[in-house]
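Residue-level listing of the chains:
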Amino acid sequence: TIKGSIHSTGAMYSTVINNPRAVRFLGEETFLICVIPGPHEPSLEQINHVFEPFIREVNTLYCAKLSIAPCVEMDVASFETKQPVHATILMNNSDLPASRKTAGLAGHTSE
């Protein structure tokens, strides 16, 4: 790196809040939605364009829950037939210590 330079790269990922707490944030239970490349942080307008495709897809699942769109059915473990699937977005935009606190996990100084 060049001395004094600043680089910012981010990621948008998703977890299933219905999962038991013990597995909720495991790597295999976390979905990488996109990587936000640097070297600078995007503006609010730019980040909205990045999030828009994901929001549109999850909104389909939410609208099905409200019965204003057809129900979405998917294969679900422990069921022989496809099950209706619904989703809601809980957004958390923070650094790692704050996101851990928001999720109810132990902080970085915890033993």
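Residues numbered from 1 in each chain as written. Predicted model: local features only at pLDDT ≥ 70, side-chain atom pairs only at ≥ 80, totals over all residues. Heavy atoms only, no water.

**Digging into the overall build of the protein**
Right, so step 1: What the protein contains, in helices and strands, is 3 helices and 4 strands.
Right, so step 2: Starting at the N terminus and walking to the C terminus, you meet the elements of the protein as β-α-β-α-β-β-α.
Right, so step 3: Taking 2.2 N^0.38 as the reference for a compact globule, 111 residues should give roughly 13 Å; the C-alpha atoms of the protein span a radius of gyration of 18 Å, well beyond that estimate.
Right, so step 4: Over its C-alpha atoms, taken along the principal directions, the protein stretches across nearly 60 × 40 × 20 Å.
Right, so step 5: When the 111 residues of the protein are sorted by exposure, 15% land in the buried category.
Right, so step 6: Pairs at least 24 apart in sequence give 38% of the contacts found in the protein among residues at least 6 apart.
Right, so step 7: Of the accessible surface of the protein, which amounts to about 9,200 Å², a share of 57% is contributed by carbon and sulfur atoms. (Helix = DSSP H or I, 4+ residues; strand = E, 2+ residues; numbered from the N terminus. Rg over C-alpha atoms; globule rule 2.2 N^0.38 Å. Buried < 20%, exposed > 50% of the residue type's maximum accessible area, 1.4 Å probe, protein only. Contact = heavy atoms within 4.5 Å. Areas by Shrake-Rupley, 256 points an atom, 1.4 Å probe, with all protein chains shown as cover.)

**A short note on the side chain of threonine 15**
Right, so step 1: Summarising the element assignment, threonine 15 is placed in strand β1 (residues 10–15).
Right, so step 2: In contact with threonine 15, not counting residues within four places along its chain, are Arg24, Phe25, Glu29 and Thr30.

**Quick look at unusual backbone geometry**
Of all residues except glycine, most have a negative phi; of all peptide bonds, most are trans.
Right, so step 1: Here the bond from glycine 38 into proline 39 is cis, since omega is 10 degrees, no more than 30 degrees from zero.
Right, so step 2: Looking at the secondary structure, you find proline 39 in the loop between β2 (30–36) and α2 (44–65).
Right, so step 3: The backbone phi angle of serine 78 is positive, close to 75 degrees, even though this residue is not glycine.
Right, so step 4: Along the chain, the position of serine 78 falls in the loop between β3 (72–74) and β4 (83–85).

**As for the pattern of salt bridges**
Right, so step 1: Applying the stated criterion across every chain, the model contains 1 salt bridge.
Right, so step 2: Here arginine 56 makes a salt bridge to glutamate 52, at a shortest N to O gap of 2.7 Å. Of this pair, arginine 56 and glutamate 52 are both found in helix α2, 4 residues apart, which corresponds to roughly one turn of the helix.
Right, so step 3: Relative accessible area serves as the criterion here: at 39%, glutamate 52 is assigned to the partly exposed category. (Salt bridge = Lys/Arg side-chain N within 4 Å of Asp/Glu carboxyl O.)

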